[in-house]
Amino acid sequence: MRRTLTAASLLLTCLLVQNGCGRKSAEGSSSVTDSGRALSIAVIPKGTTHVFWQSIKAGAEAAGKEFGCKIYWNGPEREGDRERQIQIIEDFIVQKVDGVVLAPLDNKALVPAVEKLASTKIPCAIVDSRVDTDKYVTFAVTDNYQGGVLAARRMGEILGGKGNVLVLKYAHGSASTVDREDGFIKTIQKEFPNIKIVDTKYGLDTVETALQAAEDLLTKNKDVQGFFACNESTSVGTLQALQSQKRSEIKMVGFDSAPALLDALKAGQIDALVVQNPYRMGYEGVKAVVRAIKGEPVEKKIDTGVTLIIKNSLADPKIKALLNIH
């Protein structure tokens, strides 16, 4: 049965033919197919708006330049749009890209798409968030559970081991943030018996929905000393809620390093941030796909690191490099 390509699919196919041929990097050797065409690698994030995803894009493009392959970037406008992410994968399969780097929106819903990539001999690197299959070449990821542990221990320290805490979660099925939430909650329960997590809520995929959820939690719970948020959008939403309700007495620990969050850390409005290395995720994902295409060995899992930073950390040269602060 013949498949009908969408207009977007046709356009991308043309781009692959026009732009993907004979490219060679100034920094490294060209990666080409048997026909002499430069390898085409599709990079598919969970969404395209957050600073985090732009950092992954930058890392992927740096690897593309180094290894002489063409990077195609496409993802859902909203991070909750699983169907759109699956359709993007389907489109890239039809266009016969040479490899895929994917940040799966859902650890279960994306399994058939990842397994279809494997069955069509398109190597796929998973980044950021796990998927419940092993049909990929590598998994470049933050130790998200450990990130939650770091956040919990910082919360325990700044609250002196006692108090009430709120947790703004992200969304059902997002494996990376679920691991962070579990790391935080279980560590608080195990190591800080006098700290009580009094309420939780899902902030979902935008700052606006996260702000509303955080405000709901704050309105409902007046006796609160700490607040943990588990990703960029929930952290920005929580920060805005604390500011709008003038709850400066509440100690906040957030996740990720958007400019607004770093500014708030400098100003003392956030006590600590747990930060990842999304640039490295994008870079390692593309590198692994290129190596797999060439038949070279690839590590099944790559730990891209997780770090807790406080205001004083910002002067550390290593932290500056991690955050791309000049």
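What you are looking at is a predicted structure, and each value in this text was computed from that prediction instead of being measured.

Our focus in this paragraph is the overall build of the chain. The helix and strand inventory of the chain stands at 11 helices and 12 strands. Long-range pairs, those at least 24 residues apart, make up 73% of the contacts in the chain with a sequence separation of at least 6. Surface summary for the chain: the accessible area is close to 14,800 Å², and the carbon and sulfur share equals 51%.

Read from one edge of the open sheet, six strands run E2-E1-E3-E4-E5-E11, paired in parallel fashion. The sheet terminates laterally at strand E2 (70-73) and strand E11 (301-303), the two strands that pair on one side only. Pairwise comparison of adjacent strand axes, ignoring direction, gives a mean angle of 20° for this sheet. Where strand E1 (residues 40-44) lies against E2, four bridges are found, and the strand directions are parallel. For Ile41, the partnering residue across the bridge sits in E2 and is Ile71. Along the sheet, helix H3 (residues 82-94) contacts E1, E2 and strand E3 (99-102); its crossing angle with E1, the most-contacted strand, is approximately 175°.

The next subject is the pairing of strand E4 (residues 124-127). Residues Cys124 and Ile126 of E4 are buried on one face, and the alternating residues Ala125 and Val127, pointing to the opposite face, are buried as well. Chirality of the crossover, the property in question, places the unit of E3, helix H4 (residues 111-119) and E4 among those that are right-handed. Examined bridge by bridge, E4 and strand E5 (residues 138-141) share three bridges and lie parallel to one another. Opposite Ile126, over in E5, you have Phe139 as the bridge partner.

Each value, and the rule that gives it
- Here the residue index of a chain counts from 1 through its sequence in written order.
- Local features in this predicted model are restricted to residues whose pLDDT is 70 or higher, and side-chain atom pairs enter the listing and the counts only when it is 80 or higher, whereas totals over whole chains, interfaces and linings include all residues.
- Heavy atoms throughout the structure, all of them, feed into the side-chain values; hydrogens and water do not.
- A run of DSSP states H or I qualifies as a helix once it reaches four residues; a run of E qualifies as a strand once it reaches two. Both are numbered from the N-terminal end.
- By definition in these notes, contact holds between two residues if any of their heavy atoms fall within 4.5 Å.
- Computed with a 1.4 Å probe, the accessible areas rest on the Shrake-Rupley method; for each residue, only the protein chains presented here act as cover.
- DSSP bridges decide pairing: two strands pair if at least two such bridges lie between them.
- For helices, the axis comes from a line fit to the C-alpha atoms of the stretch in contact; other axes are also lines fit to C-alpha atoms, and the angle between any two N-to-C directions lies between 0 and 180 degrees.
- Throughout this description, buried means an accessible area under 20% of the type-specific maximum (1.4 Å probe, protein chains only), exposed means over 50%, and partly exposed covers the range between.
- The path from the first strand over the helix to the second decides the hand: if it runs clockwise while the strands point away from the viewer, the crossover is right-handed.

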